[in-house]
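# Close look at the chain arrangement
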Amino acid sequence: MFALVDCNNFYASCEIAWRPHLRGRPVVVLSNNDGCAIARSPEAKALGIKMGQPAHELRDLVRSGLVMCSANFTLYGDMSRRVVAILREQVPRLEVYSVDECFLDFRGIRDREAFAHRLRERVRRGTGINNCIGIAESKGLAKLANKIAKRGAGVVDLVDADRRNAALEDFPIADVWGVGPRWAAKLSAIGITTAAHLRDASPAMILERYGVTLLRTQRELQGTACLTLDEVEPDRQQIVVSRSFGERVEDHAAVAQALATFAVRAAEKLRKRGLVAAGVQVFASTDTFRPELRQHHPCRAMTLPTATSDSRLILASVHRMLASFLRRGCAYKRAGVALLDLARPSALQSDLFAPAVVGDDKLMALVDGINRRFGRGTAGFGATGWQARPTWGMRQRDVSPCYTTRWADLPIAHC
DNA sequence: TCTGGGGTCCTAGGACCC
DNA sequence: TCTGGGGTCCTAGGACCC
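Residue numbering note: each chain is counted from 1, following its sequence as written. Following the order in which they are written, the chains are lettered starting with A and the ligands numbered starting with 1. Per-residue local features of the predicted model are confined to residues with pLDDT of at least 70, and side-chain atom pairs are confined, for both listing and counting, to 80 or more; whole-chain, interface and lining totals are unaffected and use all residues. Side-chain figures throughout are based on the complete set of non-hydrogen atoms in the structure, without hydrogens or water.

### Digging into the domain arrangement of chain A
The test is simple: Domain limits in this description derive from either an automatic procedure or a database domain assignment. Note on definitions: a residue-residue contact is assigned when non-hydrogen atoms from the two residues lie within 4.5 Å. Summed over both partners, the accessible area lost on bringing two parts together, with a 1.4 Å probe, is the buried area. Every case where a carboxyl oxygen of Asp or Glu lies within 4 Å of a side-chain nitrogen of Lys or Arg is listed as a salt bridge. The term polar contact refers here to a pair of N or O atoms within 3.5 Å; inside protein, the definition further demands a hydrogen-donor-capable atom paired with an acceptor-capable atom, and it admits residues adjacent in sequence only when both atoms are side-chain atoms. Helix and strand definitions follow DSSP, with helices as H or I runs of at least four residues and strands as E runs of at least two, each counted in order from the N terminus. In this count, Pro and Cys sit with the nonpolar residues alongside Ala, Val, Leu, Ile, Met, Phe, Trp and Tyr, while Asp, Glu, Lys and Arg are called charged and the others, Gly among them, polar.
Examined at the domain level, chain A breaks down into domain 1 (7-136), domain 2 (160-234) and domain 3 (239-384). Taken together, the contact between domain 1 and domain 2 spans nine residues of the former and six residues of the latter. In total, domain 1 and domain 2 occlude about 610 Å² of area from one another, counting both sides; carbon and sulfur atoms represent 45% of this. Counting every contact that joins domain 1 to domain 2 gives two salt bridges. The shortest N-O distance in the salt bridge between glutamate 231 and arginine 93 comes to 2.9 Å. Taken together, domain 1 and domain 2 are joined by three residue pairs in polar contact (both at pLDDT 80 or more). Of all the secondary structure elements, the ones that give two or more residues to the side of domain 1 that touches domain 2 are strand S5 (94-98) and strand S6 (101-105). Partitioning the side of domain 1 that touches domain 2 into residue classes produces five nonpolar, no polar and four charged.

### Side note on the protein's contact with DNA strand C
Selection rule: In this text, near means that some heavy atom of the residue lies within 4 Å of the molecule or strand in question.
As a matter of local geometry, DNA strand C sits amid 13 residues, with Glu101, Lys143, Gly178, Arg182 and Trp183 nearest to it. Sugar and phosphate atoms form 100% of the subset of DNA strand C atoms that lie within 4 Å of the protein. Here a phosphate oxygen of DNA strand C sits 2.6 Å away from a polar atom, N or O, in the side chain of lysine 143. Looking at the surface near DNA strand C, the elements with two or more residues in it are S5 and helix H8 (181-189).

### Some remarks on the sheet that holds strand S13 (residues 357-358)
As a reminder, the rule being used: At least two DSSP bridges between two strands are needed for those strands to be called paired.
With mixed pairing, the five strands of this open sheet are ordered in space as S9-S12-S10-S11-S13. The outermost strands of the open sheet, each flanked by one partner alone, are strand S9 (239-249) and S13. As defined by bridge partners, strand S10 (residues 277-286) adjoins strand S12 (residues 332-340) across eight bridges and the pair is classed as antiparallel. Bridge pairing in S12 places glycine 279 opposite leucine 340.

### Examining helix H10 (residues 203-210)
Residues spaced three or four apart along an α-helix point in a common direction, a consequence of the helix completing one turn every 3.6 residues. Cut-off, in case you're wondering: Residue exposure (1.4 Å probe, protein chains only): buried if accessible area is under 20% of the type maximum, exposed if over 50%, otherwise partly exposed. Note that the arc is computed from the directions linking the helix axis to the C-beta atoms.
For H10, the full list of buried residues reads Met205, Ile206 and Tyr210. The buried residues of H10 occupy an angular sector of 100 degrees when projected down its axis, which confines them to one face. Opposite the packed face of H10, turned more than 90 degrees from it, sit the exposed residues Ala204 and Glu208. Elements that come into contact with the buried residues of H10 comprise H8, helix H9 (195-200) and helix H11 (212-221). A positive phi of about 90 degrees marks glycine 211, the residue just after H10.

### Let's talk about a positive patch on the surface
Definition in use: The residues that make up patches have over 30% relative accessible area and no salt bridge, and they are joined within 9 Å when like-charged or within 5 Å when they are Val, Leu, Ile, Met, Phe, Trp or Tyr. Working definition of accessibility: Shrake-Rupley area with a 1.4 Å probe, residue cover restricted to the visible protein chains. Think of it this way: Lys and Arg go in the positive column, Asp and Glu in the negative one, and His and the chain ends go nowhere. Each charge is placed at NZ for Lys, CZ for Arg, CG for Asp and CD for Glu.
Positive charge collects at one region of the surface, where Arg236, Lys269, Lys272, Arg372 and Arg376 lie side by side. On the secondary structure map, arginine 236 appears in the loop between H11 and S9. A relative accessible area of 36% places arginine 236 in the partly exposed class.

### Some remarks on the side chain of glutamine 218
Inspection of the secondary structure assignment puts glutamine 218 in helix H11. Judged by its relative accessible area of 1%, glutamine 218 falls in the buried class. Looking at glutamine 218, its side chain comes within polar contact range of the main-chain oxygen of arginine 199, at 3.5 Å. Not counting residues within four places of it along the chain, the set of residues in contact with glutamine 218 comprises Leu198, Arg199, Asp200, Ala201, Ser202, Pro203 and Ile206.

### A few points about the pattern of salt bridges
Opposite charge on two side chains lets them pair, provided their charged atoms get close. Taken as a whole and assessed by the stated rule, the structure comprises 22 salt bridges. Salt bridges sharing common partners tie together Arg93, Asp105, Arg107 and Glu231.

### Digging into the packing of H10 against H11
Here is the rule: In this analysis an axis means a line fitted to C-alpha atoms, helices contributing only their contacting stretch, and an angle means the value between N-to-C directions, from 0 to 180 degrees.
Their axes nearest at 7 Å, the elements H10 and H11 cross at an angle of 145 degrees. Contact with H10, carried on its side by Pro203, Ile206, Leu207 and Tyr210, involves Val212, Leu214, Leu215 and Gln218 of H11 and no other residues of that element. For the contact of H10 with H11, the class distribution of residues is seven nonpolar, one polar and no charged.

Shown next as structure tokens:
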């Protein structure tokens, strides 16, 4: 028995929670580089703004009241932790599924709907974030129940068979969790246009044409829980830091600085999770939206001689791969660094003649400590260029303050 | 003027091993 | 008429998720 708590328009709700004058107004949150809409308040949806719609197509709407916010992922991450903390107080077991969703173990709860309504209200009062709850026998059905709850009821319980069947009858196949655009098109072509159709389709046919993933989805729709509540987040297999640049960059030294910056960020994330990497990959890309310009999409990877989380060793490997990596006359729009083959140091196979992990943990802990205390970038590496506004930097026109994570940005209440 | 970023799982095919 | 059989590892590509 699962409940899925899903925050409504999460990023937009976070912005509105701290800027109450935005309530009732159309608000969108933009992707990095202020590129496209990644979250929309209900009022923004009502204006017909689509998910992923480019920001430049929205400029005209600003004059009629649309508010566009640059993404502030620090704020959203902290708000997410607050929502989870409130839920943890109320249920013994939960899985943080994404930044704005939690699966809860709802077994043994007597009046599920009343309990869910109280839960919703607690989250709303504690964080200002509106949310909906779907309840069912499997995660897949809880997802589906949640989508129906978003239509207005707030809480939907599909444990009752009659209610579940009715819900599946008119639930579009494209909205089913685990059915993406490709499969939705293929399924529709053979007459499977609703969740009920998929539930009743031949399992052998599903397995043969789509594989075990969709077969699992089908069984979940039938009410058989194939997915479990995973309370512990599994260790990452890879960490990627990549960005589009604010403008096209032809200067290879600038791209190298960007890659060094991403490598340092990736190493920080790696250490925060207590992992080491045994592989490093670098990639870059010219502007794919301008096919008339010279295109180049270089990508290189190497295996490290010994696993590490030391920024200096990761930087050195990036530097080595950069030799004749970029092409003269190409202007790059995006680049990234990936750390691969991640592992816990304790889980590594030891070598009779060499250490299993290399690097200076004490030095890295010191650097991380300084940056935690005095702000990111206080202590760092020369290879990153060390500029306040590098040419490859992101465009961000209107970032909200980090209300909950930076002393200087603390909101002030006037009485 | 310009269209994001970060993940996972599954499968098929080739290389290689005994 | 004849081609062996059974296995793992790695990689690329395709699908999905938020």
